[in-house]
Amino acid sequence: MSAPASSAWRVETRTRAATGFSVFAVLLVAIAFAAPFFVSRSLLQDLFLILTMLVLAQNWNLLAGYAGLVSVGQQAFVGFGAYAMFACVSLGGLDPILAVLIAGVAAAMLSVATGFFVFRLQGAYFAIGTWVVAEVVRLVLAQWRALGGGTGTSLPNAAIRDMAAVQWIAEAFSVRSAQAADILTYWLALILCCATIGFIYWLLRTRQGLGLSAVRDNQEAARSVGVDARRIKWAVYVSVAFVTGMAGALIYVQKARISPDAAFSVVDWTAYVIFIVVIGGIGTLEGPIIGVIVFFLLQKTLADYGSWYLLVLGLIGIAIMLFAPRGLWGLFSDRTGIQFFPVRRILKGGPSTDHQGTRGGPHG
Amino acid sequence: MIWVDTIVQGVLLGGLYALFAAGLSLVFGVMRLVNLAHGDLIVLGAFLILVIVSALGLNPFLAALVALPVMFCLGWGLQFVVLNRTLGDDILPPLLVTFGLSIVIQNALLEGFSADSRRISVGGLEAASVSLGPIAVGVMPLLTFLSAVAVIIALNALFYRTALGRAFRATSDDPVTAGLMGVDPKRLFATATGIAMIVVTIAALYLGTRSNFDPTIGPARLIYAFEAVIIGGLGSFWGTLAGGVIIGVAQTMGAAINPEWQILSGHVAFLLVLLFRPRGLFPRAND
């Protein structure tokens, strides 16, 4: 009964749409890198916001959509990263870019410490547990007088001006140092964003990624075939904290002003992020990209209506979760079968395949 | 002596937190649903009572009585139309839908009532106090605590002495078999949320009369309620009361040392319990 060599089983993830998309993606990233040459400063700041929100969204998506760890406390790592960066720059006199890296490490260390608490809770209780942890971190940092206590503080102007490469950019573009700093933070956000998406895409295509999806779909079954669910969840929790902390630090290099209430805002760093992922499509790499575009368009449209904006965003989020739980990208992908970041394993070849020559389930 | 006073005030404050938590505990016990909008529903209740007080000129206690059926119907409808659709093996839909609901309620209240701080006046009762031996105790905190005890007793009686409570427990254990015995889980869940909203209204009455409130304070109340439930142990109403008291005492003790530490010490007490007794002090449920 052995199949002839020409029709042996093969596992593939490549699809034609994805090959086309990768060419498009390379072009898009190249254009994005060149953006400071031809877009205005305010548009560049908007793009910075989009990129950093996308980083936060991709990380939350990895955590909730793939590892099944629904956290509403990611603001802990945004705020802690931001405060670590402020401490390095204001108190330690370090370069902000180096401080962003240190902030990531600090956030990862915080996640190891807090993980011992929150991993004792399951499911929905994990969610509120992470929120409590974020509140505790906020209240503790609000006691830190050297960084302004409850009212907050600003980065010294000189720290931004003397940042490595700012002078160089200022001369190359013949702009003032404040604008040069915007260009630099934009480039850093772009690098962080590409690295995040690249890392998650790579992760999902490895054995560990397959184990992760297996744990999400059925933890008991995954464990019975030898997947170490606990270790995978810990690894995801800590690496997400690392990137989230760097993103938080970078956001606050650009804002240059920090306060505990803003840095640990559940609305800014968790509610928006959750809505972006849910609206775009949870559990896909494409979803957060779609979601962040929708989020930004809504924000621009409803900017003058105050709290109506969040109200509408919340209602859309609820409607999507109830009627299209796989989000806008899920609706599109289910109808067309298109995937830009193919992580589904497709079984090809072998005897008695169907007319398309494929096998394998939708989440394989 | 001052420490005894601090502890007594903390116990009474714990009554308020137990009231916040009892509704959460009930809904979780029956359908394993954690409602992230619970705190915002309490704030919504407080605004409803405020509107009734100012529109009809009623005493706040009577106004709460008027609000009870309204809130029951709201809870019933919310569960029947929206939340029942989210129940299942996947934990994402209920969490994300109730989180969205929390944001929607907050912003709808902001739009309707602005961000101003409000308070429901109970006509001088706020300042009244009685002396228990050497300690003076506020009438409102005492009423709050007694109401919390009454609510816990009533919920226990409902759960363990009535046909409805038997249906709640049966459905909680095994919805399919309970369905075969003639229980309609969807209607039962709606009733449970309706009853939880009655507790929410009582909590809202004391929230609104004892301190200032504004549309954004809901999430903090949710966190206190959640901490009380976890400290007490899932599924135990008396445990929830004990959990509330522990949070309350930790907060007043923290505040006595340094006013800035009030909230923080409540959270720290919760984390310590989580570290040493992860299933709470009086665990009953097995999950």
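Note that this is a predicted model, so its numbers are computed, not measured. (Residues numbered from 1 in each chain as written. Chains lettered and ligands numbered in written order. Predicted model: local features only at pLDDT ≥ 70, side-chain atom pairs only at ≥ 80, totals over all residues. Heavy atoms only, no water.)

Q: Got a minute to help me understand the overall build of chain A in this structure?
A: A count of helical and extended segments in chain A gives 16 helices and 5 strands. Scaling as 2.2 N^0.38, a compact globule of 364 residues should have a C-alpha radius of gyration of about 21 Å, and chain A matches this with 22 Å. With the principal axes as the frame, chain A shows a C-alpha extent of 75 × 50 × 40 Å. For chain A, the computed accessible surface area is about 16200 Å², with 64% contributed by carbon and sulfur atoms. (Helix = DSSP H or I, 4+ residues; strand = E, 2+ residues; numbered from the N terminus. Rg over C-alpha atoms; globule rule 2.2 N^0.38 Å. Areas by Shrake-Rupley, 256 points an atom, 1.4 Å probe, with all protein chains shown as cover.)

Q: For this particular structure, what's the right way to read the overall build of chain B?
A: If you tally the helices and strands in chain B, you get 11 helices and 2 strands. Computed over the C-alpha atoms, the radius of gyration of chain B is 19 Å, within 12% of the 19 Å expected from 2.2 N^0.38 for a compact globule of 287 residues. When its C-alpha atoms are laid out on the principal axes, chain B stretches across 60 × 50 × 35 Å. When the 287 residues of chain B are sorted by exposure, 55% land in the buried category. Restricting to contacts in chain B with at least 6 residues of sequence separation, those with at least 24 account for 76%. If you sum the accessible surface of chain B, you get close to 11500 Å²; carbon and sulfur atoms cover 67% of it. (Buried < 20%, exposed > 50% of the residue type's maximum accessible area, 1.4 Å probe, protein only. Contact = heavy atoms within 4.5 Å.)

Q: Teacher, can you tell me more about the interface of chain B and chain A here?
A: By a frequent convention, interface size equals the accessible area lost on bringing the separate parts together. Between chain B and chain A, the residue contacts involve 39 residues of the former and 39 residues of the latter. If you sort the residues of chain B by the area they bury against chain A, Leu96, Phe99 and Phe226 of chain B come out on top, with a joint share of 16%. Between arginine 145 of chain A and glutamate 260 of chain B there is a salt bridge, with the nearest N and O atoms lying 3.5 Å from each other. For the interface between chain B and chain A, the tally reads 7 residue pairs in polar contact (both at pLDDT 80 or more). Sorting the residues of the side of chain B that touches chain A by element identifies α4 (92-113), α9 (218-232) and α11 (262-276) of chain B as the ones contributing at least two each. For the side of chain B that touches chain A, the leading source of residues is α4 of chain B, giving 14 residues. In the side of chain B that touches chain A, the residues fall into 31 nonpolar, 4 polar and 4 charged. (Buried area = accessible area lost by both parts, 1.4 Å probe. Salt bridge = Lys/Arg side-chain N within 4 Å of Asp/Glu carboxyl O. Polar contact = N/O pair within 3.5 Å; in protein donor to acceptor, adjacent residues only side chain to side chain. Nonpolar A, V, L, I, M, F, W, Y, C, P; charged D, E, K, R; others polar.)

Q: Teacher, can you tell me more about the side chain of asparagine 61 of chain A here?
A: Residues and elements named next belong to chain A. Here asparagine 61 shows up in helix α2 (residues 41-66). The exposure class assigned to asparagine 61 is buried, which follows from its relative accessible area of 1%. Aside from chain neighbours lying at most four places away, what touches asparagine 61 is Tyr66, Val277, Ile282, Gly283, Thr284, Leu285 and Pro288.

Q: Even after reading the chapter, I still don't get the confidence of the model for chain B, so can you show me in this structure?
A: If pLDDT is low for a region, its predicted coordinates should not be looked at in detail. Per-chain confidence: chain B averages 91 in pLDDT, with 98% of residues scoring 70 or above. Both scores are available for the predicted complex, with the pTM at 0.89 and the ipTM at 0.89. (pLDDT = per-residue confidence, 0-100.)

Q: Honestly, the pattern of salt bridges in this entry has me stumped. Any pointers?
A: Opposite charge on two side chains lets them pair, provided their charged atoms get close. Residue and element names in this part refer to chain A. Tallying each qualifying case throughout the model produces 8 salt bridges over all chains. One salt bridge connects aspartate 46 with lysine 300, and the closest N-O pair in it is separated by 3.3 Å. Of the two residues, aspartate 46 is situated in helix α2 and lysine 300 in helix α14 (residues 286-301); the sequence distance between them amounts to 254 residues. Arginine 138 is the salt-bridge partner of glutamate 135, the closest N and O atoms lying 2.8 Å from each other. With glutamate 135 and arginine 138 both in helix α5 (residues 123-141), this residue pair falls 3 residues apart, about one helical turn. Salt bridges sharing partners connect three or more residues here, namely Glu135, Arg138 and Asp261.

Q: Could you clarify how one ought to interpret helix α10 (residues 237-257) of chain B in this entry?
A: Along an α-helix, residues three or four apart share an orientation, since each turn contains 3.6 residues. The end-to-end C-alpha separation of α10 of chain B is 31 Å, in line with the 30 Å expected for 21 residues at 1.5 Å each. Backbone nitrogen of glycine 239 of chain B and a side-chain oxygen of the N-cap are separated by 2.9 Å at the start of α10 of chain B; the cap is serine 236 of chain B. (Expected span 1.5 Å × (residues − 1).)

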